[in-house]
Amino acid sequence: MSNETMLTRRGLFMNIGILFNSLVAVALAVPIVRFLFSSVSRERRDDYLAWVPLGSVNEFPEGETRLATFRNPYVMPTDGATVNTACWVRRIGGDQFQVFAVNCAHLGCPVRWFPQSGLFMCPCHGGVYYRDGSRASGPPERGLFAYPYKVESGLILIRAGELPTPGASAALAGKKSTCA
Ligand code: FES
């Protein structure tokens, strides 16, 4: 085998190696570049959100807090009974409500309402909230999360489909959805 043939073969393998490495580099770079530009290019989709009724306004006496359930508008075939979501509805008076997520603002355990003391209490680590959802004591750093709501034709409806956390679409769109 001549030297010229060896060099040619070496060059061929070198080129194949460079090509292969380039392909690997591109394959690795695509998700990284997509991640870096995702906040700019991503379209904020909120078509999984919908206004869902909790019931007639008359089912919620003024000055009281009641548990209500609704069907999550975003349903997967495997969701089963988990599509039925609970929330606490406080009717302040007239058409003025507060609708709280049942999940504690600490680590998400379901809070319970105790009308005798006028407090929401979390069984997990002792988080306590006042009747208006604001933090009273314990590890939570903030109040309960609240759903945006509206009253139409005698029904109370909430904007459901995602938990009303500060990063939720409704909150980012400037709608009131949280409780301090
Ligand atoms: S989850 Fe409620 S206090 Fe920790």
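Just so it is clear, the model here is predicted, and its values are computed rather than measured.

(A) Inspection of the sheet that holds strand β2 (residues 65-71) at higher detail. Within the open sheet, the 3 strands sit side by side as β2-β3-β4. Their pairing is antiparallel. The outermost strands of the open sheet, each flanked by one partner alone, are β2 and β4 (96-101). The average angle at which neighbouring strand axes cross in this sheet is 35°, direction not considered.

(B) Just the pattern of salt bridges, in detail. Considering all chains together, one arrives at 3 salt bridges under this definition. Between arginine 66 and glutamate 64 there is a salt bridge, and its shortest N-O distance comes to 3.0 Å. Judged by relative accessible area, arginine 66 falls into the partly exposed class, the value being 35%. Between lysine 150 and glutamate 152 there is a salt bridge whose closest N-O contact spans 3.3 Å.

(C) Region of interest: the confidence of the model for the chain. Mean pLDDT over the chain: 87, with 85% of residues reaching 70 or higher. Strand β6 (residues 119-121) holds the highest mean pLDDT among the elements of the chain, 98, whereas helix α2 (residues 169-172) holds the lowest, 55. Counted against residues more than four places away or in other chains, residues 174-180, with its pLDDT under 50, gives 28 contacts.

(D) Geometry of the side chain of arginine 91. When you line up the elements, arginine 91 lands in strand β3 (residues 84-93). Within the local environment of arginine 91, its side chain forms a polar contact with the backbone oxygen of valine 57, the two atoms lying 3.2 Å apart. The residues contacting arginine 91, other than those within four sequence positions of it, are Val57, Asn58, Phe60, Pro61, Glu62, Gly63, Glu64, Gln96 and Phe97.

Cut-offs and rules
Residues numbered from 1 in each chain as written. Predicted model: local features only at pLDDT ≥ 70, side-chain atom pairs only at ≥ 80, totals over all residues. Heavy atoms only, no water. Pairing = 2+ DSSP bridges. Helix = DSSP H or I, 4+ residues; strand = E, 2+ residues; numbered from the N terminus. Axes fitted to C-alpha atoms, helices over the stretch in contact; angles between N-to-C directions. Salt bridge = Lys/Arg side-chain N within 4 Å of Asp/Glu carboxyl O. Buried < 20%, exposed > 50% of the residue type's maximum accessible area, 1.4 Å probe, protein only. pLDDT = per-residue confidence, 0-100. Contact = heavy atoms within 4.5 Å. Polar contact = N/O pair within 3.5 Å; in protein donor to acceptor, adjacent residues only side chain to side chain.

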